Amino acid sequence: MHMQDDPSQARSAEPVPMISMRAVDKHFGSLHVLKDINLDVERGQVVVVLGPSGSGKSTLCRTINRLEPIDSGTIAIDGEELPTEGRKLAQLRSDVGMVFQSFNLFAHKTIVENVTLAPMKVRKQSKEEAHAAAMTLLERVGIASQADKYPAQLSGGQQQRVAIARSLAMNPKVMLFDEPTSALDPEMINEVLAVMTSLAEDGMTMLVVTHEMGFARRASHRVVFMADGAIVEDAPPEQFFANPRSDRARDFLGKILDH
């Protein structure tokens, strides 16, 4: 009995991070956009990435599922290093949901078709199974009544909630959000943040690039602050907002929180 207990104890002592970035560097031409990034996101953790425009936040987010290739370093999802291309990459990518600033929905497909497409194609779900799951997810994000409409018939906030449901339909291990509310009108921002907050409460591993300080304070376990392509601070939200350690973060918060 004791022998069997050992390996699991060893494992539980060292859980594998859901996202692990080691010494990641990236250039766009002569611009050094990511500088020696080391970041772990544990399973079930919500990490919010903050920073001024041009600090590398979106690029960081996009390297995690290889939408942006990196120059050096390693990125692993749930212990599996991301390959550069091929079927294995497609498989790992399907474990990583991504929600962008733009909703990227298929205009000629209904809402429910947008959500069922990938599960049928990639996960090989039957139409019935995919449809039932899609309706549950649309219910969850509060727009089941819109299932048969087309994206153009929905508000921006509704479209972004469809985009979240579409990502969730793949049953991802981790969700990446790249400024998901920055294209929305103020009254629509909260409906999207409410869905994201409920995901966080359900234990979804999330990396969120955002300017929404209230969400960062309320829903995150950690705030990662970036400036000039580097991680300057990594702290719990209460510590970051009350007592940022770096001048860059103090300056950033002063500008944002004064308005």
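Residues numbered from 1 in each chain as written. Predicted model: local features only at pLDDT ≥ 70, side-chain atom pairs only at ≥ 80, totals over all residues. Heavy atoms only, no water.

As named in an unreviewed UniProt entry, the protein is ABC-type polar-amino-acid transporter, taken from Mycolicibacterium madagascariense. A UniProt comment under Subcellular location (unreviewed entry) is attached to the protein, and it reads "Cell membrane". Under the Catalytic activity (unreviewed entry) heading, UniProt states for the protein: "a polar amino acid(out) + ATP + H2O = a polar amino acid(in) + ADP + phosphate + H(+)". (UniProt positions renumbered as here; feature names shortened; annotations may be inferred.)

Below, the discussion takes up helix α3 (residues 87–94). Listing the buried residues of α3 in full gives L89, L92 and S94. On its buried face, α3 sits against β4 (72–77), β5 (80–81) and β6 (96–99). (Buried < 20%, exposed > 50% of the residue type's maximum accessible area, 1.4 Å probe, protein only. Helix = DSSP H or I, 4+ residues; strand = E, 2+ residues; numbered from the N terminus. Contact = heavy atoms within 4.5 Å.)

To continue, consider the nonpolar core. Judged by nonpolar contacts, the single largest core of 50 residues is most densely connected at I164 and M206. A total of 8 residues in this core trace back to one element, the largest contributor, which is helix α7 (residues 186–201). Counting residues domain by domain, this core receives three or more from each of domain 1 (18–81 + 173–258) and domain 2 (105–172). Once residues within four sequence positions are removed from consideration, I164 is found in contact with V99, M175, F177, V192, V195, M196 and L199. Formed by 28 residues, the second largest nonpolar core is a distinct cluster that contains V49, I64, L82 and L92. (Core = buried A, V, L, I, M, F, W, Y, C linked by side-chain atoms within 4.5 Å. Domains from an automatic or database assignment.)

Moving on, we come to the packing of aromatic side chains. Applying the stated criterion to the full structure yields 3 aromatic pairs. Centre to centre, the rings of F240 and F241 are 5.4 Å apart; their planes meet at 80°, and the pair counts as edge-to-face. Site record: aromatic cluster; members linked through ring pairs are F225, F240, F241 and F252. Between the NZ or CZ atom of R217 and the centre of the ring of F241, over which it lies, the distance is 4.5 Å. (Phe/Tyr/Trp six-rings, centres within 6.5 Å; stacked < 30°, edge-to-face > 60°. Lys NZ or Arg CZ within 6 Å of the ring centre and 35° of its normal.)

Buried accessible area, meaning the area lost when the parts come together, often serves as the stated size of an interface. Segmenting the protein into domains produces domain 1 (18–81 + 173–258) and domain 2 (105–172). The straight-line distance from the C-alpha centre of domain 1 to that of domain 2 is 26 Å. On the domain 1 side of the interface with domain 2, the three residues burying the most area are M175, E191 and V195, jointly 38% of the side's total. Connecting domain 1 to domain 2 are 2 salt bridges. Of the charged contacts in the structure, one is a salt bridge between E191 and R161, with a shortest N-O distance of 3.0 Å. (Buried area = accessible area lost by both parts, 1.4 Å probe. Salt bridge = Lys/Arg side-chain N within 4 Å of Asp/Glu carboxyl O.)

Moving on: the sheet that holds strand β10 (residues 230–235). Taken together, the 6 strands give an open sheet; going across it, the order is β6-β7-β8-β3-β9-β10, and neighbouring strands pair in mixed fashion. Two strands lie at the open edges of the sheet, namely β6 and β10, each paired on one side alone. Averaged over all pairs of adjacent strands, the angle between strand axes in this sheet comes to 20°, irrespective of strand direction. Two strands pair when backbone bridges link them, and strand β3 (residues 46–50) and strand β9 (residues 222–227) are joined in this way by 4 bridges, in the parallel orientation. Residue V49 lies in a different strand from β9, and its bridge partner there is V224. This element, helix α6 (residues 156–168), spans β6 and β7 (174–178) of the sheet and lies at about 170° to β6. Taken strand by strand, helix α10 (residues 247–257) contacts β3, β9 and β10, and its axis lies near 100° from that of β9. (Pairing = 2+ DSSP bridges. Axes fitted to C-alpha atoms, helices over the stretch in contact; angles between N-to-C directions.)

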